[in-house]
Amino acid sequence: MSTTFKLDTSTSRANPTPQPMRRLTVPKIRNRKVDGVTEEPLVMLTAYTARQAQLLDPHCDLLLVGDSLGQVIYGLPSTIPVTMEMMTNHAAAVVRGSYHSVVVVDMPFGSYETSPEDAFDSAARLLKESGAAAVKLEGGEAMAETVEFLVKRGIPVMGHVGLTPQAVNVLGGYGARGRSDAEAEKILGDAKALEQAGAFAIVVEGVIEPIAISVTMAVECPTIGIGASARCDGQVLVSDDMLGMFDRVPRFVKRYEDLATTISETAAKYAAEVRDRSFPGPDQLYQPK
Ligand code: KIV
């Protein structure tokens, strides 16, 4: 994929503010899968800040402002306490930091489950206040009516099945799902219900591989795997996991870098130079002309 931004300075009512390049759109993402085949897998990473978005955007098709920001940014024990304010603020930063990817924002726990109407209010607020293009919500069959309600009213929805972290208190932990026939059937039914309701893509998280493959073959819209299968139509990881910001990561994460060590060693160098007064040096100081 080209990472060169093209300058498009022509204005129109559909494009009133000149953009460096045209963003991908939700229909383009949905239509990456044709007749059950996705030739070029979808690339999604989480992003929470403008600078992180700038760095990830040229390499991704989608940026997910995940409610994982609860743990990653705020040090919370789960995604349960994440608020609408957190999601709108971080999503707006990610939109400001990106030009290319479709930005999807997670609906936080408690903002959509009570009724389709409540979900519409929350989703509309997320999109209005952030400029993101779509929302993601967790749950399958139980959420199908809500997904249909949102999509029919102009809000693109990404589904999320399998291990759904907002349900951690019901599930009892973050273990892989789909090991029993009943669980496997439920996950498949959930995915089909979401696609019929109009979800443009479905995250399949933490399920045994055969189930991820069955779901991918069963639904027309793209599946995006995390702890699922390379045969999903795309993949997502929490960027901070992938970059090695945490010491321990789940089995499904590949640490492509060890940024935690880089940051810690760099801070140690700075601290040593402050303490031995070698920083600031002549290059960092202003002198009288
Ligand atoms: O919140 C999040 O980051 C997510 C991804 C792990 C899919 O939902």
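The structure under discussion appears in the preceding block.
As the structure is a prediction and not an experimental result, all values here were calculated from the model.

1. Comments concerning the site of the ligand
Turning to step 1, where the next piece is worked out: In the vicinity of the ligand, the contacting residues are Thr46, Leu64, Gly66, Asp67, Ser68, Asp106, Lys136, His160, Val203, Ile226 and Val238.
Turning to step 2, where the next piece is worked out: Between the ligand and serine 68 there is a distance of 2.5 Å, counted from an oxygen atom to a side-chain nitrogen or oxygen.
Turning to step 3, where the next piece is worked out: Burial of the ligand by the protein amounts to 95% of the accessible area it has alone, namely 260 Å².
Turning to step 4, where the next piece is worked out: Because more than half of its atoms lie within 2 Å of the grid, the ligand is assigned to the largest pocket.
Turning to step 5, where the next piece is worked out: By residue class, the composition of the shell around the ligand is four nonpolar, four polar and three charged.

2. Examining the packing of helix H6 (residues 141-152) against helix H8 (residues 181-197)
Turning to step 1, where the next piece is worked out: With their axes 8 Å apart at the nearest point, H6 and H8 run at an angle of 15° to one another. When the axis of H6 is compared with that of H8, the two are roughly parallel. Here H6 and H8 pass one another in a crossing that is right-handed. The segment H6 lies against H8, with Glu141, Ala144, Val147, Glu148 and Val151 engaging Gly189, Asp190, Ala193, Leu194 and Ala197.
Turning to step 2, where the next piece is worked out: Grouping the amino acids of the contact of H6 with H8 by side-chain chemistry returns six nonpolar, one polar and three charged.

3. Side note on the packing of helix H5 (residues 116-130) against H6
Turning to step 1, where the next piece is worked out: Put simply, H5 and H6 touch, their axes get as near as 9 Å, and they point 50° apart. Taken together, the axes of H5 and H6 lie oblique to each other. Helix-helix and strand crossings are classified by hand; for H5 and H6 the assignment is right-handed. Contact with H5, carried on its side by Pro116, Glu117, Ala119, Phe120 and Ala123, involves Glu145, Thr146, Phe149 and Leu150 of H6 and no other residues of that element.
Turning to step 2, where the next piece is worked out: Grouping the amino acids of the contact of H5 with H6 by side-chain chemistry returns six nonpolar, one polar and two charged.

4. Topic: the nonpolar core
Turning to step 1, where the next piece is worked out: Core analysis: the largest hydrophobic core is formed by 74 residues, its most contacted members being Leu62 and Val135.
Turning to step 2, where the next piece is worked out: Look past the residues within four positions of leucine 62 in its chain and what remains in contact with it is Ile29, Leu42, Val43, Met44, Leu45, Ser101, Val102, Val104, Met158, Phe200 and Ile224.

5. Details of the pairing of strand S10 (residues 234-237)
Turning to step 1, where the next piece is worked out: In the sheet, strand S3 (residues 42-46) pairs with S10 via four bridges, with the strands oriented parallel. The residue bridging valine 43 from the neighbouring strand is glutamine 235, located in S10.
Turning to step 2, where the next piece is worked out: Note that strand S9 (residues 223-226) and S10 share two bridges and pair parallel. In the strand pairing of S10, isoleucine 224 is matched with glycine 234.

6. Thoughts on a negative patch on the surface
Turning to step 1, where the next piece is worked out: Judged by side-chain charge, Glu117, Asp118, Asp121 and Glu145 come together as a negatively charged surface patch.
Turning to step 2, where the next piece is worked out: In terms of residue count, the dominant contributor to the negative patch is H5 (three residues).
Turning to step 3, where the next piece is worked out: Looking at the element boundaries, aspartate 118 is found in helix H5.

7. A word on the environment of leucine 24
Turning to step 1, where the next piece is worked out: Note on placement: leucine 24 falls in the segment before helix H1 (26-30).
Turning to step 2, where the next piece is worked out: Counting along the chain gives 38 residues from leucine 24 to leucine 62, while the straight-line C-alpha distance between them is 8.4 Å.
Turning to step 3, where the next piece is worked out: Contacts of leucine 24, omitting those with residues within four sequence positions, involve Ile29, Asp61, His100 and Val102.

8. Considering the pairing of strand S8 (residues 201-205)
Turning to step 1, where the next piece is worked out: Most of S8 is tucked away: five of the five residues are buried.
Turning to step 2, where the next piece is worked out: Here S8 shows a buried face lined by Ala201, Val203 and Glu205 and a second buried face lined by Ile202 and Val204.
Turning to step 3, where the next piece is worked out: Taken together, the five bridges between strand S7 (residues 157-162) and S8 define a ladder with parallel strand orientation. Bridge pairing in S8 links valine 161 to valine 204.
Turning to step 4, where the next piece is worked out: Pairing between S8 and S9: four bridges, direction parallel. Bridging across to S9, isoleucine 202 finds its partner in threonine 223.

Conventions adopted
Residues numbered from 1 in each chain as written. Predicted model: local features only at pLDDT ≥ 70, side-chain atom pairs only at ≥ 80, totals over all residues. Heavy atoms only, no water. Near = heavy atom within 4 Å. Polar contact = N/O pair within 3.5 Å; in protein donor to acceptor, adjacent residues only side chain to side chain. Areas by Shrake-Rupley, 256 points an atom, 1.4 Å probe, with all protein chains shown as cover. 1 Å grid on protein atoms, 1.4 Å probe; cavity = no way out; pocket = protein on both sides within 12 Å on 5 of 7 lines; lining within 4 Å. Sits in = over half its atoms within 2 Å of the grid points. Nonpolar A, V, L, I, M, F, W, Y, C, P; charged D, E, K, R; others polar. Axes fitted to C-alpha atoms, helices over the stretch in contact; angles between N-to-C directions. Helix = DSSP H or I, 4+ residues; strand = E, 2+ residues; numbered from the N terminus. Parallel < 35°, antiparallel > 145°, perpendicular 65-115°, else oblique. Left-handed = near helix turned anticlockwise from the far one by under 90°. Contact = heavy atoms within 4.5 Å. Core = buried A, V, L, I, M, F, W, Y, C linked by side-chain atoms within 4.5 Å. Buried < 20%, exposed > 50% of the residue type's maximum accessible area, 1.4 Å probe, protein only. Pairing = 2+ DSSP bridges. Patch = residues over 30% accessible without salt bridge, like charges linked within 9 Å, V, L, I, M, F, W, Y side chains within 5 Å. Salt bridge = Lys/Arg side-chain N within 4 Å of Asp/Glu carboxyl O. Lys, Arg positive; Asp, Glu negative; His and termini not counted. Charge placed at Lys NZ, Arg CZ, Asp CG, Glu CD.

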